[in-house]
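# Architecture at a glance
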Amino acid sequence: MRKGRGGRRPDPAVDEAIRRATAELLPERGFDLTFDEVARHAGVGRTSVFRRYATKQELILAAAEQITIDRIEVPDTGTLLGDLTLAVRAVHGVFAEPATQALARHALVAALREQAGAVIIRTLLDRRLELVTALLERAVERGELSGTGRARLVTDLLSGMLMARLAAGQPLPEEQECDALAAAMATAAAA
């Protein structure tokens, strides 16, 4: 989020109202939502939204991060497989929610229709890559891996499966499939 331009400090309650309004509107409206809709839903003036976010892309990205990646903590179980298993379960827990699934579908459509949508998807996937890289770095420190060179492949296994299931309207994996995916990710990391 951008900081206010000079003058008094932005009100955190207004910041939160804008983020919450955007998060609530995104699953229904997708990337077609407007600053006016967000302002009305948040109960603030349109300029309050513009002071915090210069573009709709910035606004949507902040809300999308809050809905998805910001809710996923990097686990530390002491083993790569344990960390990946908990991470996969956490990601799938977030994406099992109907509102998050709707947001993901809107993001896929927006990525195909326009460059701004692709930037948002890429940014969220880069954040997921950071999470996986942190897990792999910890495994390197423990001596389980020799390096993190396969971090993108490991991330793609998770993201690709997730997006494929959501795009096809298929159910997300159950716990056993999540565990099998985590094992495949661990194997890919060590390859």
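Please read all numbers here as calculations on a predicted model, not as lab measurements. (Residues numbered from 1 in each chain as written. Predicted model: local features only at pLDDT ≥ 70, side-chain atom pairs only at ≥ 80, totals over all residues. Heavy atoms only, no water.)

## Overview of the overall build of the protein chain
- Along its length, the protein chain carries nine helices and zero strands.
- Moving toward the C terminus, one meets the helices and strands of the protein chain in the order α-α-α-α-α-α-α-α-α.
- Counting only C-alpha atoms and orienting by the principal axes, one finds that the protein chain spans roughly 55 × 40 × 25 Å.
- When burial is assessed residue by residue, the protein chain has 45% of its 191 residues classed as buried.
- In the protein chain, the proportion of contacts linking residues at least 24 apart, taken out of those at least 6 apart, comes to 68%.
- Accessible surface, the protein chain as shown: approximately 9800 Å² in total, 52% of it carbon and sulfur. (Helix = DSSP H or I, 4+ residues; strand = E, 2+ residues; numbered from the N terminus. Buried < 20%, exposed > 50% of the residue type's maximum accessible area, 1.4 Å probe, protein only. Contact = heavy atoms within 4.5 Å. Areas by Shrake-Rupley, 256 points an atom, 1.4 Å probe, with all protein chains shown as cover.)

## Observations regarding the environment of Pro98
- With respect to the helices, strands and loops of the structure, Pro98 is situated in helix H6 (residues 98–113).
- Looking at Pro98, the relative accessible area reads 66%, which means it is exposed.
- Along the backbone, Pro98 and Pro27 are 71 residues apart, and their C-alpha atoms lie at a distance of 8.5 Å.

## Here's the deal with the confidence of the model for the protein chain
- Scored by pLDDT, the protein chain comes out at a mean of 88, with 96% of its residues at no less than 70.
- By mean pLDDT, the top-scoring element of the protein chain is helix H9 (residues 175–190) (96), and the lowest-scoring one is H6 (83). (pLDDT = per-residue confidence, 0-100.)

## Here's the deal with the pattern of salt bridges
- All chains considered together, the criterion is met by 18 salt bridges.
- Two residues, Asp76 and Arg142, come together in a salt bridge whose shortest N-O distance is 3.7 Å. Of this pair, Asp76 sits in the loop between helix H4 (56–67) and helix H5 (80–95) while Arg142 sits in helix H7 (residues 115–142), placing them 66 residues apart in sequence.
- Owing to a relative accessible area of 54%, Asp76 belongs among the exposed residues under this scheme.
- Here Asp83 makes a salt bridge to Arg138, at a shortest N to O gap of 3.3 Å. Taken together, the residues span a long stretch of sequence, with Asp83 in helix H5 and Arg138 in helix H7 at a distance of 55 residues.
- The structure contains a network of salt bridges with shared partners spanning Asp76, Asp83, Arg138, Arg142 and Glu144. (Salt bridge = Lys/Arg side-chain N within 4 Å of Asp/Glu carboxyl O.)

## Quick word on the packing of helix H1 (residues 12–29) against helix H2 (residues 35–42)
- Where H1 contacts H2, the axes come no closer than 8 Å and their chain directions differ by 120 degrees. Of the possible angle classes, the one that applies to H1 and H2 is oblique. The two elements H1 and H2 cross, and the hand of that crossing is right-handed. Residues Ala17, Ile18, Ala21, Thr22, Glu24, Leu25 and Arg29 of H1 form the contact with H2, whose participating residues are Glu37, Val38, His41 and Ala42. (Axes fitted to C-alpha atoms, helices over the stretch in contact; angles between N-to-C directions. Parallel < 35°, antiparallel > 145°, perpendicular 65-115°, else oblique. Left-handed = near helix turned anticlockwise from the far one by under 90°.)

## Details of the packing of H1 against H6
- Close contact between H1 and H6 brings their axes to 8 Å; oriented N to C, the two are set at 65 degrees. The element H1 and its partner H6 pack so that their crossing is left-handed. Residues Leu26, Pro27, Glu28 and Arg29 of H1 pack against Ala99, Ala102, Leu103 and His106 of H6.
- Split by residue class, the contact of H1 with H6 holds five nonpolar, one polar and two charged. (Nonpolar A, V, L, I, M, F, W, Y, C, P; charged D, E, K, R; others polar.)

## So, the side chain of Thr22
- Locating Thr22 in the fold gives a position in helix H1.
- What Thr22 contacts, discounting residues up to four positions off in sequence, is Leu33, Val38, Leu59 and Ala63.

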